[in-house]
Amino acid sequence: MAKKIVNLLILLPLGVILIVFCVANRQSVTLAFNPFRPDDQVLAVSAPFFVFLFIALISGMLIGSAATWFSQGKHRKRARTEAKEAIRWQGEADRHKSRAEEIAGQLPAR
């Protein structure tokens with residue numbers, strides 16, 4: 001319940017701001033990819049301004065996510081090796097336990 005309230009308190013105002021932002025930036029702009037001839041229509045894209053801003057925002061989020069994922073690779077590798085080592089030690093402990101029970105079963109009862 002608290003999560004729904006927090007989502008409403010954060011996402012609702014954010015959605016309203018984004019809708020107002022889109023309505024306010026509807027004018028068409030041209031993004032030219034040819035720096036030497038900006039009037040060249042082959043390497044130019046025309047779209048509303050908010051589209052370019054959203055594309056920049058989304059690409060920034062994707063690049064940041066990828067950078068974070070790659071920088072945390074050493075931690076994931078360490079977690080995998082430690083998990084394999086823990087499984088190996090658990091198996092060895094189980095073998096020692098079964099061996100100890102076997103030896104205890106062979107001892108004469110008092």
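Residues numbered from 1 in each chain as written. Predicted model: local features only at pLDDT ≥ 70, side-chain atom pairs only at ≥ 80, totals over all residues. Heavy atoms only, no water.

As recorded in an unreviewed UniProt entry, the protein goes by the name DUF1049 domain-containing protein, listed as coming from Rhizobium lentis.

**Q** What should I look at first to understand the overall build of the protein in this one?
**A** Each helix and strand counted, the protein has 3 helices and 2 strands in total. When its helices and strands are written in sequence order, the protein yields α-β-β-α-α. Against the compact-globule benchmark of 13 Å for 110 residues, the protein has a radius of gyration of 31 Å, which places it well outside the compact range. Projected onto its principal axes, the C-alpha positions of the protein cover 100 × 45 × 15 Å. Of the roughly 9900 Å² that the protein leaves accessible, carbon and sulfur atoms contribute 69%. Taking the average location of the 15 positive side-chain charges in the protein and that of its 8 negative ones, the two points are 5 Å from each other. (Helix = DSSP H or I, 4+ residues; strand = E, 2+ residues; numbered from the N terminus. Rg over C-alpha atoms; globule rule 2.2 N^0.38 Å. Areas by Shrake-Rupley, 256 points an atom, 1.4 Å probe, with all protein chains shown as cover. Lys, Arg positive; Asp, Glu negative; His and termini not counted. Charge placed at Lys NZ, Arg CZ, Asp CG, Glu CD.)

**Q** In this structure, what is going on with helix H1 (residues 2–24)? I would like to understand it.
**A** Residues spaced three or four apart along an α-helix face the same direction, because each turn holds 3.6 residues. Helix length check: H1 (23 residues) gives 33 Å between terminal C-alpha atoms against 33 Å at 1.5 Å per residue, within 8%. A small share of H1 lies buried, amounting to 1 of its 23 residues. (Expected span 1.5 Å × (residues − 1). Buried < 20%, exposed > 50% of the residue type's maximum accessible area, 1.4 Å probe, protein only.)

**Q** Before we go on, may I ask you to explain the pattern of salt bridges in this structure?
**A** Pairs can form between side chains of opposite charge whenever their charged atoms are close. Following the criterion strictly, the structure yields 2 salt bridges and no others. One salt bridge connects Glu82 with Arg78, and the closest N-O pair in it is separated by 3.0 Å. Placement of both Glu82 and Arg78 in helix H3 (residues 73–106) is noted, with a separation of 4 residues, approximately one turn of the helix. On the accessibility criterion, Glu82 (43% relative accessible area) is partly exposed. (Salt bridge = Lys/Arg side-chain N within 4 Å of Asp/Glu carboxyl O.)

**Q** Explain the packing of aromatic side chains here, please?
**A** The tally for this structure, following the rule as stated, stands at 3 aromatic pairs. Seen in terms of ring centroids, Trp69 and Phe70 are 5.1 Å apart; in terms of plane orientation they differ by 70°. Their pairing is edge-to-face. Exposure class is identical for Trp69 and Phe70. Each is exposed. Each residue in the set Phe21, Phe50 and Phe54 is aromatic and connected to the rest through ring pairs, giving one cluster. Arg88 extends its terminal NZ or CZ atom over the ring of Trp89, reaching a point 4.9 Å from the ring centre. (Phe/Tyr/Trp six-rings, centres within 6.5 Å; stacked < 30°, edge-to-face > 60°. Lys NZ or Arg CZ within 6 Å of the ring centre and 35° of its normal.)

**Q** Explain the confidence of the model for the protein here, please?
**A** Atom-level detail of predicted coordinates should not be read off regions where pLDDT is low. Confidence along the protein averages 89 in pLDDT terms, with 98% of residues attaining 70 or more. Across the protein, the secondary-structure element scoring lowest on mean pLDDT is H1, at 84, and the one scoring highest is H3, at 94. (pLDDT = per-residue confidence, 0-100.)

**Q** For this particular structure, what's the right way to read the UniProt feature "transmembrane region" (unreviewed entry) in the protein?
**A** UniProt records the feature "transmembrane region" (unreviewed entry) at residues 50–70, using the numbering of this structure. Taken end to end, residues 50–70 is 100% helix and 0% strand, and its first and last C-alpha atoms sit 30 Å apart. (UniProt positions renumbered as here; feature names shortened; annotations may be inferred.)

**Q** Even after reading the chapter, I still don't get the packing of H1 against helix H2 (residues 49–71), so can you show me in this structure?
**A** The relative placement of two packed helices comes down to the angle between their axes together with the axis-to-axis distance. It is at 8 Å that the axes of H1 and H2 come closest, and there the two elements cross at 135°. By the angle between their directions, the pair H1 and H2 is classed as oblique. Residues Leu18, Phe21 and Cys22 of H1 touch H2, and the partners they reach there are Phe50, Leu53 and Phe54. Taken together, the residues of the contact of H1 with H2 break down into 6 nonpolar, no polar and no charged. (Axes fitted to C-alpha atoms, helices over the stretch in contact; angles between N-to-C directions. Parallel < 35°, antiparallel > 145°, perpendicular 65-115°, else oblique. Contact = heavy atoms within 4.5 Å. Nonpolar A, V, L, I, M, F, W, Y, C, P; charged D, E, K, R; others polar.)

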